Each structure stands twice: as structure tokens, then as C-alpha cells.
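Observations on chain architecture
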Amino acid sequence: MINFYIVGEDAPSIEIIRKILREFPQEFCIFREDCKNGYGNIKKAIHKYNQAAEYIHYFILTDLDNDPCPSAKINDWLGEISKNDKLFFRIVVREIESWLLADKEGFSQFLNIPIANFVNNPDELNDPKNEVFRVVKKSNKRKYKEAILPNSGASIGPAYNSTIKEFIDNYWDLNRAMKNSPSLKKTIDALNRYKEEFNS
């Protein structure tokens, strides 16, 4: 059993890691969580995490945002330092919302809108969070609009994180999402390799 220290840049990222690891109940568990409230805080701590990964298994998830590619971002953050084998460091293309939108069936059920409202390739969106706002506006569920959509100059709605958590916990399906998100599938493929390496 691999015991992970999980690190994400925001609450939805942490919730996605939890949901992913629940798909592997015999192989993975979580002993500590660290929500860093921004990619900058992960970047500042990445060398500390990498050092600790000599002894502790880390699952670190951050967004690609406007960087050119995941491998370039990892190399930029780690610099010349070699990545320890127990540092499972993954980049979401381009934001965690891409992975949420990848489960079109789940999101359409959650918002009670037709599946035709969702794009087929959310990894290719420049602003996945804005795409979430677009589809939420089409919902007839007022409580989700009030919770998720930003107002008064805010970047997200007042209950964005808790409502997205509800969606992830009760509707989001990993296997469906992998079909529409190459970056998610690559993460799961890498996690399977990691499992084989350390559980063998």
C-alpha cells in the first residue's frame, strides 16, 4: 500500500486527487493533504517536496495554465535537480476544470442540461474555468448559478469550491473523463506505472 502526501493548488485539485486515488483502494491511501492556494506556493515548495520524496510518496498536481507544455513546466520548476522517484508530479492541461468538463455525461446530469452543450476536447480550451461558467449559465438550477458564477468582481462564485466538490463526489466519473482528456489519461497511465514500481 502506497501512502500519499497529496498537494494541490486549490480545493478542486485536492478533491480530484482524492477521487482518483479512491479508484485504487488496494494500492493507495492518503495520510496528509496540503492545499496550497495557488501554483506559486507549490513552486516555492517544490524543492522541499522533492527532498522529502526520498522518504515519502508525494502526489502533486498543478495546472499548466499558459505554459507551453507539462514537461517544460516540470523542468523549469525543478531546474537541474533530479526528481526523486517518489515525487509523483503531474500537470493538468490547462486547468483542473478541463478534467471536470471531460466527463460530459456527469456534468450534463449535474446541471440538468443537454450533453450537446459540452465540448469534446476540453484540454484544448484556453480558459476552461470560463467554459464552466458558460455551461452553468445554461442550467435551470438557480442554486448552482448562484454558487458557481462570479459576481462583484470575484473570480469565482461564493460557493464555487464546495459545489464543485459536490459534483466531483457524486457525478464525476474517472473512466468517462479519461476518454475526453489526454492529460488525465496520461496521469492515470503514469499512476499505474507508479503503482507497479512501488507495489511490486
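Sequence order as written defines the numbering, with residues in each chain counted from 1. The model is predicted, so local features are restricted to residues of pLDDT at least 70 and side-chain atom pairs to those at 80 or more, both for listing and for counting; the totals for chains, interfaces and linings are taken over all residues. For the side-chain quantities, the full set of heavy atoms in the structure was used; hydrogens and water were omitted.

Regarding unusual backbone geometry
In this chain, valine 93 is followed by arginine 94 through a cis amide linkage whose omega measures -15°. Tracing the sequence through the fold places arginine 94 in the loop between strand S4 (87-92) and helix H4 (96-101). At asparagine 37, a position not held by glycine, the phi torsion is positive, near 55°. Secondary structure follows DSSP: runs of H or I at least 4 residues long count as helices, runs of E at least 2 residues long count as strands, and numbering of each begins at the N terminus. By secondary structure assignment, the location of asparagine 37 is in the loop between strand S2 (28-35) and helix H2 (39-52). Backbone geometry at asparagine 112 places phi at a positive 60°, although glycine is not the residue there. Looking at the secondary structure, you find asparagine 112 in the loop between helix H5 (104-111) and helix H6 (128-136). Here's how the labels work: a residue is buried when its accessible area is under 20% of the maximum for its type, exposed when over 50%, partly exposed in between, all with a 1.4 Å probe on protein chains only. Under the relative-accessibility criterion, asparagine 112 is labelled partly exposed at 46%.

Brief notes about the packing of H5 against helix H8 (residues 160-170)
Axes here refer to lines fitted to C-alpha atoms; in helices the fit is confined to the stretch in contact. Angles between the N-to-C directions go from 0 to 180 degrees. Where H5 contacts H8, the axes come no closer than 10 Å and their chain directions differ by 120°. Accordingly, the angle class assigned to the pair H5 and H8 is oblique. Here H5 and H8 pass one another in a crossing that is right-handed. Of H8, the residues touching H5 (which contributes Gly106, Phe107 and Phe110) are Thr163, Glu166 and Phe167. Roughly parallel covers angles under 35 degrees, roughly antiparallel covers those over 145, roughly perpendicular covers 65 to 115, and oblique covers all other angles. A crossing counts as left-handed when the near helix is turned anticlockwise from the far one by less than a right angle, and as right-handed when that turn is clockwise. Here, residues are in contact when the closest pair of their heavy atoms is within 4.5 Å.

Quick word on H8
Turning to H8, its buried residues number three or more, namely Tyr160, Thr163, Ile164, Phe167 and Ile168. Down the axis, H8 shows its buried residues gathered within 140° of arc, on one side only. Turning to H8, the residues buried within the fold contact helix H1 (11-22), H4, H5, H6 and helix H7 (142-148). What the arc covers is the set of directions going from the helix axis to the C-beta atoms.

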